[in-house]
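Topology and contacts: notes
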Amino acid sequence: MTEPSPETPLCLADLAVGQRARIRRVEANGAIRQRLLDMGVTRGVTVLVKRAAPLGDPIEVSVKGYDLAIRKCEARAILVEPEGS
Amino acid sequence: MRGTGTSTRLLRAGIAGNPNSGKTSLFNKLTGSNHCVGNYPGVTVERNEGLLHADGQTLVMVDLPGTYSLTAYSAEEVVARNFIIDEHPDVVVDVVDASNLERNLYLAVQLMEMEVPLVIALNMMDVAQRHQLSIDSGRMAELLGVPVVETVGRDGRGKAKLAAACMSVAAGEGVGRVCKVTYGHPLDEHVDALAARIAQDDGVCRMYRPPWVAIKLIEKDPQVGAAVARVADDTDGIRQAAEEAIHQIETHSGDDVESLVAEGRYGFAAGILRQCVRTPPTERRRMTDRVDAVVCNRLLGPAILMGVVYGLFFAVFKVADEWAWLFGKSPTAWMEWLFAGLASAIGGLEATSPMLHSLLADGVIGGVGGVMSFVPLIFVMFAFVAVLEDTGYIARVAFVLDRALRIFGLQGRSMLAMIVSGGLGGGGCAVPGVLATRTMRDPRDRLITMMVAPMMNCGAKIPVYLMLVAAFFAGAQAKMMFLLWALSWTIALMCAWLLRRFVIRGEQTPFVMELPSYHVPTLRGVVRHAWGRTWMYIRKAGTVILAVSLVMWALMFFPRTDASAFDAGVAALDASTATYQRDKAAIRSEQGRARLRQSAAGRMGASLVPISQWAGFDWRDNVALIGGFAAKEVVIGTLGVAYSMGDVHPENSGSLSAQLADDEHWSRLQAVAMLIFVMIYAPCMSTLAVIRREAGSWKWALFSTTYTTILAFVLAVGVFQVGRLLGLEG
């Protein structure tokens, strides 16, 4: 259970294409969480949303210098802080 | 603990690395052509072994499956980790993509935790240089305490140095102290304390290194936890100490241990990189980005995908089958010429020992030859698919299609299984396709993919399609094959949707996949890849299909009918000469048919006619389709046997296509019903065996056979009956 923060926390799926953000927390559970951590989606890392697939989902994000495809429903479990705001 | 008898046994190396790190091409460069392919015991992850000769020594190299981590997330990770723990390799080579160092070093850090004798191959140095990364490999080696060799897997640069480094590390020479991995405060203190506690336990120490067990227990790795419980003298004490450490870390930092450990490893890797890599300030991967902007575009992406699929057909059918570019014949025509030559070479046997002649001509050459004549075509197809795989386009296919596939209860990664099964139009096989579902975590997604992947147009169905299309749709071959491709996908997706809705219900699984940088594939790599798969096809033709063809031949040859009535007919005609030739041929032809109908297979086929006639199948078609339960290529082989045995002049009859086109029982409508039935019905025996193993029970294997056969029959009957009502039979 996470305490609701004063402002609604933003997640990776909320970002627009071309937007940069810093990862605050990975909320996913179990295997998917381990997978995201192994792929370098860890706290403090900067990500850039590069594009969305033809049907708007999944999205492609640049993380640690490589590209990762991730579905929006998984991206919702990754809380971020937009950069430059 | 590691073997002291190294003088008597061969030195062994494991090659680890991330997917897309160029691991396999480097492995191929190191081992040349000394290969041996098998499976890891108990699982179906492929295991490649090869020999490396250098400095008068020999090293057995094992190509481990590509993994991002060793946290036992997937079957591949478990295999790689167990190899390192259980087989005690004398050296582990970690192939690292130099153009993507940070994430690749994450695996290296985990190998260092395991304290294995390690060599790091900084691969793809050419790409790193193009990206203007300057990497000080000497400094890196110093910092990690591990030999670091710069390599380029594509052209083999650095191969000799890497071989020398492997040899000396394997022999235990020249190894510095492997640097201790640090995770930062407060993890380090707790890992050290727990390691010290574990070091007091002889049971664990006999099997594992205490610091590795400590970090794994703190990371809550279930497999290591279970292993410790098996071997430890004081399991409860260790477990309590680990739980206490986890509790203290989490309360101190306010974060969970899994994240902290992953962050710690990445932090360690980043710390190393800061000291030995200079990155240019400009944006990297420009080429890949520019290509992706087109290939993954909303409108262009799907259009390009369709274009690629159509291009595959074009390449395969024009290059391998239609264009007479190889000394005046197409490659396929050469293979057919070869087997026709073989058949006429043994023609003399017919008079002396007709049974042996029938066995060789109808059973062996008819069955295997038909399958083998498609080798050039299948090679071109595999080569095309290998290009798509080696360039990195396949991952984009999954990316572009994921959302659409999810509607049907599948996912982007099902796409890989479907493509391997033949989803691109034929360059596949459902056996590796079913195995490719191992990359999927969710058992339901896996099961659905397994149930529909065999409906793809695999390499074995293509010969059947080609033969029927050539006979009844000459001139529109590429179009027909494209339609068959579209139809197979439509039916497979409908089935997936129905299965997800009514049979295998549940939530869908996550999708997290790397989109690797594009690479220009090497000719050697593509040929090697394509030839490996083609060879598997040939081997199947030589073993399984030969055996099945012989069984089918025997079923069709025995029991023999009494020939006296037919001989009398011939004798009676001997006097008159006017209609002699024609009538003799007619009677002998009738004898052939009667003989086949009397055989065991003929009776089986005939007994099914009351049902199969609804789809227009006669007893000979039934015999062929029964054979197809074993392997789809058998359908064409058996039809060949059925039609050539029923013919009095096998040597001057045309190809099977021509024979069917002339046969009054066959029509375009009949051909379409047959095509649809062959597309959908029953996975072949090899696929069933794999489904049984992967799904864990015969239940699913039987289910997939039953539902597909019923569906195939319903569709074939529907097409045939509707077509007849519309008067399309002619």
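Residues numbered from 1 in each chain as written. Chains lettered and ligands numbered in written order. Predicted model: local features only at pLDDT ≥ 70, side-chain atom pairs only at ≥ 80, totals over all residues.

A separate point is the nonpolar core. Residues and elements named next belong to chain B. Ranked by size, the top nonpolar core spans 226 residues in total, and within it Val119, Cys166 and Phe677 carry the most contacts. If you count residues domain by domain, this core takes at least three from each of domain 1 (11-170) and domain 2 (187-278). Among all residues touching Phe677, those that are not within four sequence positions of it are Ala615, Leu625, Ala712, Phe713 and Ala716. In terms of nonpolar packing, the next biggest core, distinct from the first, is built from five residues, Ala343, Ala361, Ile365 and Met372 among them. (Core = buried A, V, L, I, M, F, W, Y, C linked by C-beta atoms within 7 Å. Buried ≥ 20, exposed ≤ 12 C-beta atoms within 10 Å, placed from the backbone. Domains from an automatic or database assignment. Contact = placed C-beta atoms within 7 Å.)

A few words on the environment of Phe27(B). Residues and elements named next belong to chain B. Here Phe27 is to be found in helix α1 (residues 23-31). When the 24 C-beta atoms within 10 Å are taken as the criterion, Phe27 is described as buried. Placed 36 residues apart in sequence, Phe27 and Asp63 show a C-alpha to C-alpha distance of 6.9 Å. Aside from chain neighbours lying at most four places away, what touches Phe27 is Ile15, Asn48, Gly50, Met61 and Asp63. (Helix = DSSP H or I, 4+ residues; strand = E, 2+ residues; numbered from the N terminus.)

Turning our attention to the environment of Thr67(B). Residues and elements named next belong to chain B. Topologically, Thr67 is positioned in the loop between β4 (57-63) and α2 (75-86). Classification of Thr67 by C-beta neighbours within 10 Å gives buried; the count is 23. Along the primary structure Thr67 and Ala601 are separated by 534 residues, whereas in three dimensions their C-alpha atoms are 49 Å apart. If we skip the residues at most four places from it in the chain, Thr67 touches Glu76, Glu77, Ala80 and Leu107.

How large an interface is tends to be reported as the accessible area lost when its parts come together. Across the contact, 30 residues belong to chain B and 30 residues belong to chain A. Here the residues of the side of chain B that touches chain A sort into 15 nonpolar, five polar and 10 charged. (Nonpolar A, V, L, I, M, F, W, Y, C, P; charged D, E, K, R; others polar.)

Quick look at the packing of helix α22 (residues 443-452) of chain B against helix α24 (residues 477-503) of chain B now. Residue and element names in this part refer to chain B. Interhelical geometry of α22 versus α24 gives an angle of 140° and a closest axis separation of 9 Å. Helix-helix and strand crossings are classified by hand; for α22 and α24 the assignment is right-handed. Along its contact with α22, which presents Ile448, Met451 and Val452, the element α24 presents Ala492, Cys495, Ala496, Leu499 and Arg500. A class-by-class count of the residues in the contact of α22 with α24 yields seven nonpolar, no polar and one charged. (Axes fitted to C-alpha atoms, helices over the stretch in contact; angles between N-to-C directions. Left-handed = near helix turned anticlockwise from the far one by under 90°.)

Residues and elements named next belong to chain B. Under the 1.5 Å per step criterion, the end-to-end length of helix α35 (residues 698-725) is 40 Å for 28 residues, consistent within 8% with the ideal 40 Å. Structurally, α35 contributes buried residues whose contacts are with α22, α33 (668-680) and α34 (685-695). Where α35 terminates, the next one or two residues include Gly727, which has phi positive at roughly 75°. (Expected span 1.5 Å × (residues − 1).)

All names here are of chain B. Entries for chain B in the domain assignment read domain 1 (11-170) and domain 2 (187-278). Centre-to-centre, using C-alpha coordinates, domain 1 lies 25 Å away from domain 2. Taken together, the contact between domain 1 and domain 2 spans 19 residues of the former and 16 residues of the latter. When contributions to the side of domain 1 that touches domain 2 are tallied by element, the ones reaching two or more residues are α3 (101-113), β7 (134-135) and α5 (137-144). Of the residues forming the side of domain 1 that touches domain 2, the biggest block, seven residues, is contributed by α3. Residue classes in the side of domain 1 that touches domain 2 are distributed as 11 nonpolar, three polar and five charged.

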